[in-house]
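What follows is the residue order along each chain.
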Amino acid sequence: MAEEEVLPTLSTPIASGSTSQTISQDVNHPYFLHSFDAPGFSLVTTPFDGRGFAGWRRSILIVLSAKNKIGFINGVCEEPKPDAQDHPQWSRCNFMVTSWLLNSLSNEIGDSVVYSKSTKVLWNSLEHRFGQTNGAKLYQLQKEISMLVQGNNTIAGYFTTLKKLWDELDSLNSHLVYSCDCICDGKRKVTKFLEDQRIIQFLMGLNDVYSQARGNILMMNPLPGIDFVYSLLFQDENQREIHARSQFNADASSFVVEV
């Protein structure tokens, strides 16, 4: 009995003699393109204009991973030899992913990389220009975090803005992640210390109406997690809104009676 043909998967490289039909039918292969994949597709809703590279980069990686095309920017899907039978399929996907990336860039930045030889070259160019950690970016983020206050924002809006800045800061400092595997419990202590620092930052920027809730939280020893702190303040905000509506309805009813 003839052996059953095994279709190539993401972990099984395509041999140069594989047929284009086999590739086009294997939905798990990085060369596979869905019928709705088109050059005009954008990977993000807001094109990258030179600001917030870390967040834009993460969004791109998530979408390309979901589409099984991450190999075209990290070098896993290397270009076959020009005379290889699967070179046309690789070339088609390479141009498709390149088009998606260009549509996800501002016109000015896109024009500077439009002549890149491959998707990987284009991606590396963006990484080298915008992805390097430097003092200016760290200074800007730290300054925004230190100056951020709640103001007219809700608890949810204020916390979301602050967390976005924290996440961007973490992405710039990813090489400083504590990776000790010793038994001294050092990693947990460092993580807890950093979380406590961010809780303090969060509480410092709250409006004065939350002074009592803020004091109650600071009296806790040890400090709870950041998500629990957010939950407490969110509930406090909801209670204030309910009380304000009740007071307004009572005042309105009293006004009607008096009239």
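Model, not experiment: these values are computed from the prediction. (Residues numbered from 1 in each chain as written. Predicted model: local features only at pLDDT ≥ 70, side-chain atom pairs only at ≥ 80, totals over all residues. Heavy atoms only, no water.)

## Details of the overall build of the protein
In terms of helices and strands, the protein carries 11 helices and 0 strands. When the elements of the protein are put in sequence order from the N terminus, they spell out α-α-α-α-α-α-α-α-α-α-α. A total of 259 residues make up the protein; the buried ones form 32% of that total. In the protein, the proportion of contacts linking residues at least 24 apart, taken out of those at least 6 apart, comes to 63%. Accessible surface, the protein as shown: approximately 16,900 Å² in total, 56% of it carbon and sulfur. (Helix = DSSP H or I, 4+ residues; strand = E, 2+ residues; numbered from the N terminus. Buried < 20%, exposed > 50% of the residue type's maximum accessible area, 1.4 Å probe, protein only. Contact = heavy atoms within 4.5 Å. Areas by Shrake-Rupley, 256 points an atom, 1.4 Å probe, with all protein chains shown as cover.)

## As for the pattern of salt bridges
By the definition in use, this model includes 7 salt bridges. Between Lys67 and Asp37 there is a salt bridge; the shortest N-O distance is 2.9 Å. Of the two residues, Lys67 sits in the loop between α2 (53-66) and α3 (71-74) while Asp37 sits in the loop between α1 (20-25) and α2, which places them 30 residues apart along the sequence. On the basis of relative accessibility, which here comes to 21%, the residue Lys67 falls in the partly exposed class. (Salt bridge = Lys/Arg side-chain N within 4 Å of Asp/Glu carboxyl O.)

## Considerations on the confidence of the model for the protein
Overall, the predicted model of the protein reaches an average pLDDT of 83, with 80% of residues at or above 70. Segment residues 1-18 is flagged for pLDDT under 50; beyond a separation of four residues in sequence, or across chains, it makes 22 contacts in the model. (pLDDT = per-residue confidence, 0-100.)

## Quick word on unusual backbone geometry
Cis rather than trans, the peptide bond between Asn221 and Pro222 has omega equal to 0°. Relative to the assigned elements, Pro222 resides in the loop between α10 (211-218) and α11 (226-258). Phi at Asn68 takes a positive value of approximately 60°, unusual for a residue other than glycine. Within the secondary structure, Asn68 is located in the loop between α2 and α3.

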